[in-house]
Amino acid sequence: MKNKQIRLFVADVDNTLRGIHEEFFVKGQNSMTIAPALTKTFIELHNHGILLAIASGRPLWQELSRHHIDWNLPFQFDAIIGLNGGEVYDNADGTTKHFHQLTTDQIKRIITGMEPLSDAPMIYCSGYELAYKPDEVMISRAAKHHTKLVKAKELSDLWQNPTAKVLYRQADPARMEEMETYARAHINDETISSFMTTPENLEFQSPLVNKGTGLKAYCDAHSIPLDQVIAFGDSENDMPMLREAGWSVAMANAMDAVKQATDDVTRLDVYHNGVGDYLDTHLIPLLEQNH
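Presented here is a report on the structure given in the accompanying data block. (Residues numbered from 1 in each chain as written. Predicted model: local features only at pLDDT ≥ 70, side-chain atom pairs only at ≥ 80, totals over all residues. Heavy atoms only, no water.)

## Brief notes about unusual backbone geometry
As a reminder, the rule being used: Under the scheme applied here, a residue whose accessible area is under 20% of the maximum for its type counts as buried, over 50% as exposed, and between as partly exposed, the area being computed with a 1.4 Å probe on protein chains only. Numbering of helices and strands runs from the N terminus, with a helix taken as a DSSP run of H or I at least four residues long and a strand as a DSSP run of E at least two residues long.
The residue His 100 is not glycine, and still its phi comes out positive at about 45°. Judged by relative accessible area, His 100 falls into the partly exposed class, the value being 42%. A positive phi is found at Lys 133, a non-glycine position, where the angle reads about 60°. Inspection of the secondary structure puts Lys 133 in the loop between strand 7 (128-131) and helix 5 (136-144). Judged by its relative accessible area of 42%, Lys 133 falls in the partly exposed class.

Structure (structure tokens):
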């Protein structure tokens, strides 16, 4: 990226900026925050005039809007892309734009269509998660994100109102792979797409929405050429964002498909400040040279 001009940094949160693997919680080695060194790097980028953005499959209300506080940053992120691009917060004017929710008919088709493999879907409502037959994986994930989890009385409760996406969580990776294959063969069409965000997480959303469209919406609003964006990610739902960016970087812990589709790969993984190490050795020297 020697000759690149960068105006905007954007990165996925979970397993890119911070690690969330179960075994690290069990061992008490993960506090759901970022490395202190990465906080310092963000401040340095901010002082150089680089815009900073984060992106996640989670909604804004589920910790995203307060990550700058949790991570000891003295400023809010310039942009926050939530729900895989279904919503975009712009700190310049404090507004949030929403895009392409699933209709009640689409939600019903997803949930009834997936019943042969799983009858335990979950959706995001306003300020809480609604799940039918919540299992230990759902309960532990909700607790980690300080999120209220409500148990639906009937499966049909999940398709009463439009929502951004439908989620299935499964602790067995082999079972999840079977579910993903089934979804692509029986559910996906021009109005519904499915993708894995972790080996335990399968999501359904409008194909018109992804982190790439969220990034593009913010850049268009601020006349930022996509070629002047550096993006980091680790999983399938990051790939549209990585493809849009002028310089894309996969984490050392990323899925193989992500590594193959990016311009570079970090030297270190998420648990060893891979993003910070990359920025400190590649982008910041470039900014100082051009200062």
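## Considering the packing of aromatic side chains
Rule in force here: Stacked, tilted and edge-to-face are the three classes applied to pairs of Phe, Tyr and Trp rings, where Trp contributes its six-membered ring and a pair requires centres within 6.5 Å; stacked means planes under 30 degrees apart, edge-to-face means over 60, and tilted covers the rest.
Under the counting rule described, the total for this entry stands at 7 aromatic pairs. On the numbers, 6.0 Å between centres and 85° between planes, the contact of Trp 71 with Phe 77 is edge-to-face. As far as burial versus exposure is concerned, Trp 71 and Phe 77 are alike and both buried. Pairing Tyr 168 with Phe 204 gives two aromatic rings, centres 6.0 Å apart and planes at 75°, and the pair type is edge-to-face. Highlighted residues: Tyr 168 in strand 9 (residues 165-169) and Phe 204 in strand 11 (residues 201-205), separated in sequence by 36 residues. Residue Tyr 168 is classed as buried on the basis of its relative accessible area, which comes to 1%. By relative accessible area, Phe 204 is classed as buried at 0%. One aromatic cluster is present, formed by Phe 9, Phe 42, Trp 71, Phe 77, Phe 232 and Tyr 278 through successive ring pairs.

## Here we look at helix 6 (residues 173-186)
Quick note on the threshold: Given the number of residues in a helix, its expected span is that number minus one, multiplied by 1.5 Å. The directions considered for the arc are those from the helix axis to the C-beta atoms. Contacts described as polar in this section are N or O atom pairs within 3.5 Å, which, within protein, must combine one atom able to donate a hydrogen with one able to accept it, while residues neighboring in sequence count only if both atoms come from side chains.
When the terminal C-alpha atoms of helix 6 are compared, their 20 Å separation across 14 residues agrees well with the 20 Å that a helix rising 1.5 Å per residue should span. If you check which residues of helix 6 are buried, you get Met 176, Met 179, Glu 180, Tyr 182 and Ala 183. Summarising the axial view, the buried residues of helix 6 lie within an arc of 165°, below the 170-degree limit, and thus occupy one face. Exposed residues pointing more than 90 degrees away from the buried face of helix 6 are listed as Ala 174, Glu 177, Thr 181 and Ala 185. Between a side-chain oxygen at the N-terminus of helix 6 and the backbone nitrogen of Ala 174 the separation is 3.1 Å; the capping residue is Asp 172.

## Considerations on the environment of Phe 195
Here is the rule: In what follows, residue pairs with any heavy atoms lying within 4.5 Å of each other are defined as contacts.
Assignment of secondary structure puts Phe 195 in strand 10 (residues 193-198). Residues Phe 195 and Ser 235, 40 residues apart in the sequence, show an inter-C-alpha distance of 9.5 Å. Not counting residues up to four positions away in its chain, the partners in contact with Phe 195 are Asn 84, Asn 201, Leu 202, Glu 203, Gln 205, Glu 236 and Asn 237.

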